[in-house]
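Residues per chain, in single letters:
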Amino acid sequence: SKMNFQIVEAVHLQKFFVSFWMGEYGEAVGASDSAMSFPCSKMPKVELPHHIFYRGIAAFQLYREGKGENWLKIGDEMHEQVEIWANNSKPIFENKLILLKA
């Protein structure tokens, strides 16, 4: 059911955030991919900006570690999303945009 998908998505997002903060960036992005595979992931949620921001940081870190060019592409996609938000709400998202550019 729809509610079950939302619960499973929430579990994957929680795993993403925990893995990110533990420095397990590959595992974090894997959990993020799992969460984003559900149709309900397209709905706006409170944690979406943090998810996109941390996903970008994790992808860029994996790229810097030499894990492959695909991570640069993912990081760039997340950067583009934050840039859109920063253009519409500079006081909230400009700092995140600057950090992703670093």
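Our subject is the structure listed above.
Quantities reported herein were computed from a predicted structural model and do not represent experimental measurements.

Visitor: Can you explain the overall build of the protein? Please cite residues and give values.
Guide: Along the backbone of the protein there are 5 helices and 0 strands. From first element to last, N terminus to C terminus, the protein shows the α and β order α-α-α-α-α. Since a compact globule built from 102 residues should have a radius of gyration of about 13 Å, the 14 Å found for the protein is in line with a globular shape. The dimensions of the protein, computed from C-alpha atoms along their principal axes, are 40 × 35 × 20 Å. Within the protein, the proportion of its 102 residues that are buried is 36%. Long-range contacts, defined as pairs at least 24 residues apart, comprise 49% of the intrachain contacts of the protein with a sequence gap of at least 6.

Visitor: If you had to explain a nonpolar patch on the surface to someone new, which residues and values would you point to?
Guide: A surface patch of nonpolar side chains, about 290 Å² in accessible area, is lined by Met-3, Ile-7 and Val-11. Tracing the chain through its elements places Ile-7 in helix H1 (residues 2-21). What makes Ile-7 partly exposed here is its relative accessible area of 46%.

Visitor: Explain the pattern of salt bridges to me, using residue names and the numbers behind them.
Guide: According to the stated counting rule, one finds 4 salt bridges in the structure shown. A salt bridge links Asp-33 to Arg-55; the shortest N-O distance between them is 2.9 Å. One end of the pair, Asp-33, is in helix H2 (residues 25-36); the other, Arg-55, is in helix H3 (residues 48-64), and 22 residues separate them in sequence. Since its relative accessible area comes to 38%, Asp-33 is described here as partly exposed. Classification of Arg-55 by relative accessible area gives buried; the value is 6%. In this structure, Glu-77 and Lys-73 form a salt bridge, with 2.9 Å as the shortest nitrogen-oxygen distance. Highlighted residues: Glu-77 and Lys-73, both in helix H4 (residues 69-88), separated by 4 residues, approximately one helical turn. Take Glu-77: its relative accessible area is 35%, and that puts it in the partly exposed class.

Visitor: Hey, could you go over the layout of surface pockets for me, with residue numbers and the actual values?
Guide: Where empty space is left becomes clear once a probe the size of a water molecule has been rolled over the atoms. For the largest pocket, the calculated volume is near 250 Å³. If you trace the largest pocket, you find 16 residues lining it, with Met-36, Ser-41, Leu-48, His-51 and Ile-52 closest to the centre. Within the residue set of the lining of the largest pocket, elements represented by two or more residues are H1, H2, H3 and H4. Element by element, the count of residues in the lining of the largest pocket is highest for H4, at 4 residues.

Visitor: Lay out the nonpolar core with the relevant residues and their values.
Guide: Counting 22 residues, the largest nonpolar core has Phe-16, Tyr-54, Trp-71 and Val-82 as the members making the most contacts within it. When contributions to this core are tallied by element, the ones reaching two or more residues are H1, H2, H3, H4 and helix H5 (90-101). Considering each element in turn, this core owes the most residues, 7 residues, to H3. Excluding its chain neighbours within four sequence positions, the residues that come into contact with Val-82 are Ile-52, Phe-93, Lys-96, Leu-97 and Leu-100.

Thresholds applied
- Residues numbered from 1 in each chain as written.
- Predicted model: local features only at pLDDT ≥ 70, side-chain atom pairs only at ≥ 80, totals over all residues.
- Heavy atoms only, no water.
- Helix = DSSP H or I, 4+ residues; strand = E, 2+ residues; numbered from the N terminus.
- Rg over C-alpha atoms; globule rule 2.2 N^0.38 Å.
- Buried < 20%, exposed > 50% of the residue type's maximum accessible area, 1.4 Å probe, protein only.
- Contact = heavy atoms within 4.5 Å.
- Patch = residues over 30% accessible without salt bridge, like charges linked within 9 Å, V, L, I, M, F, W, Y side chains within 5 Å.
- Areas by Shrake-Rupley, 256 points an atom, 1.4 Å probe, with all protein chains shown as cover.
- Salt bridge = Lys/Arg side-chain N within 4 Å of Asp/Glu carboxyl O.
- 1 Å grid on protein atoms, 1.4 Å probe; cavity = no way out; pocket = protein on both sides within 12 Å on 5 of 7 lines; lining within 4 Å.
- Points joined across faces, edges and corners; volume = space filled by probe spheres on them.
- Core = buried A, V, L, I, M, F, W, Y, C linked by side-chain atoms within 4.5 Å.

By themselves, these observations are geometric and do not establish any function.
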